[in-house]
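Residues per chain, in single letters:
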Amino acid sequence: MSLFDHLVIFPVLIPFFVAVALLFPSLNNSLAKQRVLTIAANILMVVVAFVLLLKVKDQGIQVYALGDWSAPFGIVLMADAFSVLMVCLSAILGLAVTMYASAGEDKNGAFFHPLIMFQLMGINGAFLTGDAFNLFVFFEVLLIASYSLMMHGGGKQRIQANIHYVFLNLIGSALFLFALGTLYGTLGTLNFADMADKIPLLSRNELLITKSGALLLLAVFGLKAAMLPLHFWLPKAYASTSAPVAALFAIMTKVGVYSIWRVHGVIFGDQAGELANIALPWLWPIALLTIAIGAISVLASQSLRVLCSNLVIVSVGTLLVTISLNTVQASTAGIYYLLHSTVACAAMFLLAGLIQQQRGKAEDRFVTARSMPQASILGFIFALLAIGLIGMPPLSGFVGKALILQSVTKASQAIWIWPLILGAGLITLIALSRAGTSLFWRTTGENTSALKGHPMQYLAIGLLVAILPLMVIFGGAVSNYAQLAAEQLNAGLSLQQLNEVAK
Amino acid sequence: MELVYAVCVGFMSACGIFLMLRGHTFTLVIGLTLLSYAVNLFLFASGGLTIGAPAVLNGSENYADPLPQALVLTAIVIGFAMTAFAVILAMRGRSDLGNDHVDGTEPFDRLAVEEKS
C-alpha cells in the first residue's frame, strides 16, 4: 500500500502528532516555533483535504478500515463528498484561526496551539467517522479541547460562561451514551451503514425503544448544534471567549448539524421502514422557530460578538430547514449554505476581535466611543462580510439563500419558509447596519493609544473573506460538488458496499 | 436480575438528575458522577446480561457480548477525565466568582432577606 491509500486518516493523524509534538519541552518553551509548526501543519492539512476532495470526486466514497478489521466490528473511517467538504472547511478555518492567534492572542494563556490541534483532530474525526461510538469519542476529544480553549486568557466572565458550557455538554455526553446504549440494545451495532441496514428489520416491540434512542440522539445533537430550545448557552459562550476561539467554534455547531444530517437524515431516512423520517415532525417546527428566535435575538444584541453568535443560531435554523425538507436539492442548497455561513461567521468573529482590540474600553459594544485607528479598512471588511451574512448579491450568501428558496417546491412549505428566511435576512440587514453605523460613525475624536491590527490578523481575515466571492466565481463547481455530496448522503451505503469499498 | 439491574440504573440516574437540578457546581459534579456511573451500567446491559461467561469469542457456546464492554471501558476513561475537568472548573469558578452557584451569583432569596430583617 502506498501512502496515498492512507490519505483518509491523515486529517486525524496530522493534528494529533503535531499536538503531541507541541507538548515536548523544546517546542513548548518557544512560542515562535509553535506558531511556525501549527501554521505549517494547517497548510499541510488544507493540502491533504483538497487532495482527498479530488480523490473522492474521481473515485467515489473512500472507506478506511483501521487495522484492516472490517466493519461492523472493526472501526472504519468513511470519506464521502460531504465529510471531505467539511474536513476542507475545518482545515481552512484552522489555518485562519492559527494565523490570527499567532499575532499575539496565543500569549494570553498556556497550551493554545496544542489545544487548537486537538480540537481540529476531534472535528475532523467527527466528520470522517463511520460509526456512532467513534462519533461520541471524537465529540469528546473536540469538546475537552474546546473547554480549555474557551477559558484561554481567563477572566471572570469566561469562567462563568464556561461553567454553563461545560456542564451542559457533559450532560449532553451522558445522554449521548444513553442513546447509544439504547440503539445498541435493539440494533446490535453502531456502525452507520449496518444500522441503516438493520432498522427496517426491527421487530414490533423494538421499534419504540429504537425510536426513543434516536430522538434522544436528536436532542444531544440539537444541544451541540444550538437548536431551539437548547441554544441558550451559545451567545454567552461565544461572546465571552477570545476571537480566534469563537471563530473556530463557528464550525462546532455545524458538527451537530452534520450529525443530525447523517443520523436522522440518512440512517433514519426514507428507507428506514416504520421508523422512516422520525425526526422530521420535530425538526420542522424547531427549525422555523430557531430562525425566528435567532432573528429576534440578532435585533436585540448589544455588541458585535453577541450579534454574530445570534447569526450562528439563525444559520443553524436555516440548515435545519434544509434537512427537514428532505430532498437532494434541499441538501445541496444546505451544504452550500453551510460552507458559506461557517466561513462568514468565523470571519466576523475575527473582525470583532480586531474591532474590540482597537476600540479600547468600549470593546465591541454598540456605544459611542473613540474612533478606531484603522477604521477605514475594518469598515470595508465589515461591509463585505455584512453583505455576505445578509445574503445580498454578489457574495455567496445570496447564492446560498437563493438555492435554499429554490429548493422549496411545495407551496405549503414555501408559505412558512420564504417569509422566515427573507425576513431573517431583512432583520440581519437592519441589525448589521445599526451595528456598522454605531461602531464606525458614532465616534468622539481620535484614538491614538489603541493597538493596531497585526498584518497576520488581516491576512487571516482576508483568507476567509476571499472565500465568499470565490464561492460565487466557482459557484458551478462548488454547487456541483455539493450536489454530489447530497446524492451520496441520500443514497447511503449498505454494510456490504462499505466492506467492498474498503477492500 | 434484570429487574434489580434496571431499578438500580433508573434510581441512580434519577438521583443524578435531581442533584444536577440544584444549581450549584458541587451538587452538579456529584450528580454528573452518579449519572455517568448509571450510563456505564446501562451500556453494560445494552448487550444483554450474562453470568459466568467470558467476553471473548473463544469458540465456546456461551460468551458475553464483548462490544459493550469495550464501549464501557472507553466511556469510563472519558467520564473520569471529564469529571476531573469539571471538578477543577468548579473549584476555579468558586474561587473566581466567590460562590458555587452556576450563574455566578446566588439568586435573590426573599425568605433569607426577611429572616435577616
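Right above here is the structure, for reference.
Residues numbered from 1 in each chain as written. Chains lettered and ligands numbered in written order. Predicted model: local features only at pLDDT ≥ 70, side-chain atom pairs only at ≥ 80, totals over all residues. Heavy atoms only, no water.

Thoughts on the overall build of chain B
The number of helices and strands found in chain B is four helices and zero strands. Compactness check: chain B gives a C-alpha radius of gyration of 20 Å against a globular reference of 13 Å for 117 residues, more than 25% above the reference. Split by element, the accessible area of chain B, about 7,200 Å² in all, is 68% carbon and sulfur. Separation of charge centres in chain B, based on 5 positive and 10 negative side chains, amounts to 15 Å. (Helix = DSSP H or I, 4+ residues; strand = E, 2+ residues; numbered from the N terminus. Rg over C-alpha atoms; globule rule 2.2 N^0.38 Å. Areas by Shrake-Rupley, 256 points an atom, 1.4 Å probe, with all protein chains shown as cover. Lys, Arg positive; Asp, Glu negative; His and termini not counted. Charge placed at Lys NZ, Arg CZ, Asp CG, Glu CD.)

Topic: the pairing of strand β2 (residues 76–79) of chain A
For a regular strand, side chains alternate in direction, first toward one face of the sheet and then toward the other. Residues and elements named next belong to chain A. Here β2 shows no split at all, with Val76 and Met78 on one side and Leu77 and Ala79 on the other all buried. Where strand β1 (residues 62–65) lies against β2, four bridges are found, and the strand directions are antiparallel. Within the sheet, the bridge partner assigned to Val63 lies in β2 and is Met78. (Buried < 20%, exposed > 50% of the residue type's maximum accessible area, 1.4 Å probe, protein only. Pairing = 2+ DSSP bridges.)

As for the interface of chain A and chain B
Counting from both sides, the interface comprises 27 residues of chain A and, opposite them, 32 residues of chain B. For the pairing of chain A and chain B, the buried interface totals around 2,800 Å² over both sides, and the portion due to carbon and sulfur atoms is 84%. Together, Phe167, Phe178 and Tyr184 of chain A form the three largest contributors to the area buried by chain A at its contact with chain B, with a combined 25%. At the boundary of chain A and chain B, one finds zero salt bridges. Scanning the region where chain A abuts chain B turns up five residue pairs in polar contact (both at pLDDT 80 or more). Among the elements of the structure, α6 (132–150) and α7 (156–187) of chain A are those that each provide at least two residues to the side of chain A that touches chain B. Across the side of chain A that touches chain B, the residue classes tally to 17 nonpolar, eight polar and two charged. (Contact = heavy atoms within 4.5 Å. Buried area = accessible area lost by both parts, 1.4 Å probe. Salt bridge = Lys/Arg side-chain N within 4 Å of Asp/Glu carboxyl O. Polar contact = N/O pair within 3.5 Å; in protein donor to acceptor, adjacent residues only side chain to side chain. Nonpolar A, V, L, I, M, F, W, Y, C, P; charged D, E, K, R; others polar.)

Points about the environment of Met150 of chain A
Residues and elements named next belong to chain A. Here Met150 is to be found in helix α6. For the pair Met150 and Ala246, spaced 96 residues apart in sequence, the C-alpha to C-alpha distance is 8.0 Å. Setting aside chain neighbours within four positions, we find Met150 in contact with Arg158, Ala161, Asn162, Tyr165, Ala237, Ser240, Thr241, Val245 and Phe249.

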